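Fold and geometry: a report
Next come the chains, spelled out residue by residue.
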Amino acid sequence: MTALHKRRCGPCTACCVALKIEAPELAKKAGEPCRHLKGGCGIYENRPDVCREFLCGWRLFEEFGDDWRPDLSGVLMMRKAPSELPPAWQGRPYGVHMVIIGGEAAVRRPAFAEQVARLVARNIPVVMSAASPSTLVNEHLTTPTDLHSKLLELYALLHAARWERGYLRMIPSLYRLLLDRQYAKLLSRSNG
Ligand code: SF4
Ligand code: SF4
């Protein structure tokens with residue numbers, strides 16, 4: 001992927017809502033609008049460095065078309081440095097974290113599965129989350145599978161596992177994600 005940087009956010013304000021910000025002057029939870037968000041950024045000229053320096057994947061990577069702008073696609077992408085990836089994947093130059101902010105409709109978009117397939121085919125780690133927790137999509141796709149259905153299934157599990165739904169509902173969903181991953185690994189070993 002090549003860096004683009006020239007893209008403008010336009011009317012999108014997805015990162016001002018979707019992301020958790022830990023900078024003391026701006027601390028907020030994921031999914032909570034920044035207190036300076038008033039249509040656009042109310043303190044744009046004086047916004048903190050954490051905002052100035054943030055580039056989402058859509059602004060960073062050329063291969064995602066205009067329709068991937070987060071407020072249009074429902075997917076907020078971020079580049080993950082190798083050190084942020086699971087140990088087995090840290091040899092890769094980067095990963096792509098796809099935060100689903102537009103619900104199931106965003107996962108149903110054919111362009112979503114097509115793009116995930118292209119990244120996975122290049123062995124680029126793709127992390128998917130619906131807030132918290134997240135899962136590494138590549139490890140669920142070690143056998144021939146219907147990618148579109150698999151992504152919808154993973155999204156449903158991630159969605160059900162959101163903290164907001166409570167610990168009791170989260171535990172079985174996380175357990176299923178874990179089992180699914182272990183099963184995929186076992187299958188790949190027995191096939192290899
Ligand atoms: S998510 Fe990307 S395009 Fe949208 S406001 Fe943030 S940096 Fe701009
Ligand atoms: S300060 Fe402005 S750019 Fe930064 S999160 Fe808040 S609204 Fe967005």
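Up top is the structure these notes are about.
All of the points below concern the structure found in this document. Please read these numbers as outputs of a predicted model, since none were measured by experiment.

**Quick notes on the environment of Gly65**
Along the polypeptide, Gly65 turns up in the loop between helix H3 (57–60) and helix H4 (70–73). Judged by relative accessible area, Gly65 falls into the partly exposed class, the value being 28%. The contacts of Gly65, once residues within four sequence positions are left out, are Arg7 and Trp58.

**Examining the pairing of strand E3 (residues 75–80)**
Across the six residues of E3, five count as buried, placing the element largely inside the fold. Two elements, E3 and strand E4 (residues 95–100), share six bridges in a ladder whose sense is antiparallel. Considered in E4, the bridge of Leu76 is made with Val99.

**Some points on the pattern of salt bridges**
A full pass over the atoms with the stated rule returns seven salt bridges. For Asp67, the salt bridge goes to Arg109, with nearest N and O atoms at 3.3 Å. You can see Asp67 sitting in the loop between H3 and H4 and its partner Arg109 sitting in the loop between helix H5 (104–108) and helix H6 (110–121), a full 42 residues away along the chain. The class for Asp67 is partly exposed, based on a relative accessible area of 38%.

**Considerations on the site of ligand 2**
Close to ligand 2 lie Cys16, Ile21, Leu26, Cys34, His36, Leu37, Cys41, Ile43 and Cys51. Here ligand 2 occupies the largest pocket. For the shell around ligand 2, a count of residues per class yields eight nonpolar, one polar and no charged.

**As for the nonpolar core**
Judged by nonpolar contacts, the single largest core of 38 residues is most densely connected at Trp68, Met98, Phe112, Met128 and Leu151. With six residues, the single largest contributor to this core is helix H7 (residues 147–160).

**Some words on the side chain of Lys28**
With respect to the element layout, Lys28 can be found in the loop between helix H1 (14–18) and strand E1 (37–38). Buried and without a salt bridge, Lys28 has Glu32 as its closest oppositely charged side chain, separated by 6.0 Å. Among the polar contacts listed, one links the side chain of Lys28 to the backbone oxygen of Glu32, at a separation of 2.7 Å. Ignoring anything within four residues of it in the chain, the contact list for Lys28 reads Cys16, Val17, Ala18, Leu19, Lys20, Ile21, Pro33 and Cys34.

Definitions and limits used
- Residues numbered from 1 in each chain as written.
- Chains lettered and ligands numbered in written order.
- Predicted model: local features only at pLDDT ≥ 70, side-chain atom pairs only at ≥ 80, totals over all residues.
- Heavy atoms only, no water.
- Helix = DSSP H or I, 4+ residues; strand = E, 2+ residues; numbered from the N terminus.
- Buried < 20%, exposed > 50% of the residue type's maximum accessible area, 1.4 Å probe, protein only.
- Contact = heavy atoms within 4.5 Å.
- Pairing = 2+ DSSP bridges.
- Salt bridge = Lys/Arg side-chain N within 4 Å of Asp/Glu carboxyl O.
- Near = heavy atom within 4 Å.
- 1 Å grid on protein atoms, 1.4 Å probe; cavity = no way out; pocket = protein on both sides within 12 Å on 5 of 7 lines; lining within 4 Å.
- Sits in = over half its atoms within 2 Å of the grid points.
- Nonpolar A, V, L, I, M, F, W, Y, C, P; charged D, E, K, R; others polar.
- Core = buried A, V, L, I, M, F, W, Y, C linked by side-chain atoms within 4.5 Å.
- Lys, Arg positive; Asp, Glu negative; His and termini not counted.
- Polar contact = N/O pair within 3.5 Å; in protein donor to acceptor, adjacent residues only side chain to side chain.

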